[in-house]
Amino acid sequence: MPFLFQRQLGTVRGVIAPATVLHMIGRSCKEIAETNPAFAGTKFTPHDFRRLFATEIVNGGLPIHIGAALFGHLNLQTTQGYVAVFAEDIVQHYQEFLNHRRPLRPEGEYVDVTPEEWNEFEEHFDKRKVELGNCARPYGSPCQHKHACIRCPMLQVNPKMLPRLAEIEKDLILRRKRAEEEQWLGEIEGIDMTLTFVRTKQADAARTAARTTVLLGLPGTRHPSG
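Reading the values: rules and limits
Residues numbered from 1 in each chain as written. Predicted model: local features only at pLDDT ≥ 70, side-chain atom pairs only at ≥ 80, totals over all residues. Heavy atoms only, no water. Helix = DSSP H or I, 4+ residues; strand = E, 2+ residues; numbered from the N terminus. Buried < 20%, exposed > 50% of the residue type's maximum accessible area, 1.4 Å probe, protein only. Contact = heavy atoms within 4.5 Å. Core = buried A, V, L, I, M, F, W, Y, C linked by side-chain atoms within 4.5 Å. Patch = residues over 30% accessible without salt bridge, like charges linked within 9 Å, V, L, I, M, F, W, Y side chains within 5 Å. Areas by Shrake-Rupley, 256 points an atom, 1.4 Å probe, with all protein chains shown as cover. Salt bridge = Lys/Arg side-chain N within 4 Å of Asp/Glu carboxyl O. Lys, Arg positive; Asp, Glu negative; His and termini not counted. Charge placed at Lys NZ, Arg CZ, Asp CG, Glu CD. Phe/Tyr/Trp six-rings, centres within 6.5 Å; stacked < 30°, edge-to-face > 60°. Expected span 1.5 Å × (residues − 1). Arc of directions from axis to C-beta. pLDDT = per-residue confidence, 0-100.

S.K.: Could you give an account of the overall build of the protein, naming the residues involved and the relevant values?
M.R.: Looking only at helices and strands, the protein has eight helices and five strands in total. Starting at the N terminus and walking to the C terminus, you meet the elements of the protein as β-β-α-α-α-α-α-α-β-β-β-α-α. Per-residue burial over the protein gives 24% buried out of 226 residues. Here the analysis covers contacts within the protein between residues at least 6 apart in sequence; of these, 49% occur between residues at least 24 apart.

S.K.: Summarise the nonpolar core; cite the residues concerned and give the values.
M.R.: Judged by nonpolar contacts, Leu132, Cys149, Ile150, Leu155, Val157, Leu165, Ile168, Leu172, Ile191, Leu195, Val198 and Ala205 together constitute the single largest core of 12 residues. A per-element tally of this core places helix 8 (residues 185-210) first, with four residues.

S.K.: Tell me about a negative patch on the surface, and please be specific about residues and values.
M.R.: Residues Glu116, Glu117, Glu120, Glu122 and Glu123 make up a contiguous surface patch of negative charge. The partly exposed category is assigned to Glu117, whose relative accessible area is 40%.

S.K.: Tell me about the side chain of Thr194, and name the residues and values.
M.R.: Turning to its location among the elements, Thr194 is positioned in helix 8. Those residues in contact with Thr194 that lie beyond four places of it in its chain are Ile150, Arg151 and Leu172.

S.K.: Give me the lowdown on the packing of aromatic side chains, citing residues and values where you can.
M.R.: Two aromatic rings are characterised by how far apart their centres lie and by the angle between their planes. Counted under the stated rule, the structure contains three aromatic pairs. When the centroid spacing of 5.8 Å and the interplanar angle of 55 degrees are considered together, the rings of Phe53 and Phe71 count as tilted. Here the residue Phe53 occupies a position in helix 2 (residues 46-59), and Phe71 occupies one in helix 3 (residues 64-71), the gap between them amounting to 18 residues. For Phe71, a relative accessible area of 12% puts it in the buried group.

S.K.: Tell me about the side chain of Gln156, residues and numbers included.
M.R.: Inspection of the secondary structure assignment puts Gln156 in strand 5 (residues 155-157). Given a relative accessible area of 12%, Gln156 falls into the buried group. With near-sequence residues (within four places) excluded, Gln156 lies in contact with Leu76, Gln80, Leu132, Gly133, Asn134 and Ala136.

S.K.: Lay out the pattern of salt bridges in plain terms, naming residues and giving numbers.
M.R.: Using the criterion set out here, one finds 10 salt bridges in the structure. Residues joined by salt bridges that share partners form a network here, namely Glu131, Arg164 and Glu167.

S.K.: How would you sum up helix 7 (residues 162-182)? Please name residues and give values.
M.R.: Taking 1.5 Å per residue as the helical rise, helix 7 with its 21 residues ought to reach 30 Å, and the 30 Å between its terminal C-alpha atoms agrees with that figure. When helix 7 is considered as a whole, its buried residues turn out to be Leu165, Ile168, Glu169, Leu172 and Ala179. Buried positions in helix 7, seen along its axis, are confined to an arc of 100 degrees and lie on one side of it. Opposite the buried face of helix 7, at more than 90 degrees from it, the exposed residues are Pro163, Lys170, Leu174, Lys177 and Glu181.

S.K.: Break down the confidence of the model for the protein for me, citing the residues and quoting the values.
M.R.: Confidence along the protein averages 78 in pLDDT terms, with 84% of residues attaining 70 or more. Between the elements of the protein, mean pLDDT differs from a low of 68, seen in helix 5 (residues 87-101), to a high of 92, seen in helix 7.

The structure is reproduced here in structure tokens:
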């Protein structure tokens, strides 16, 4: 069957029940606690490992849009809810990655990072800051749309820019009216496409603005009752 967690009971193969997985994880925690007291009373859920995996791969350098596809998220903001990535964290993990790789490679392959190279690395993130929000394209990749961000799926609109999106939509509607009067059919098609992207981003930004802070939580320790 196309399932990752399955087992065979006799001649029948079936999916492992969620309760069984929870029991197996709890049993493993108890076994670990016998040699590591820090795990005493610790509880995990399968979803905890999904969040931990998301944090690990994104902080490890995987572009967040690839992580979103891997987790089946239709929106990058969902993946960002799993893991918060900041420029300084990326620099730190990148440096750790280099330090780990150096002993494994020929001595002359790696050289010290020059100030110019670090400046170039940091400038990349500065260039991802655009009028409407932030660009989520992978590091080192150019902007394929020449910063025409409205149509770009990598644009993450800041909810504070909703009024600006409304202005853009109003301008596009006026331009479309003029195009209809002049019978500029090609212009109408392009404007309609841009309007679709604008309204999609308006809806995404509105959802983000209405979304309350969600405490994802971390595995906690249960203290035995007195």
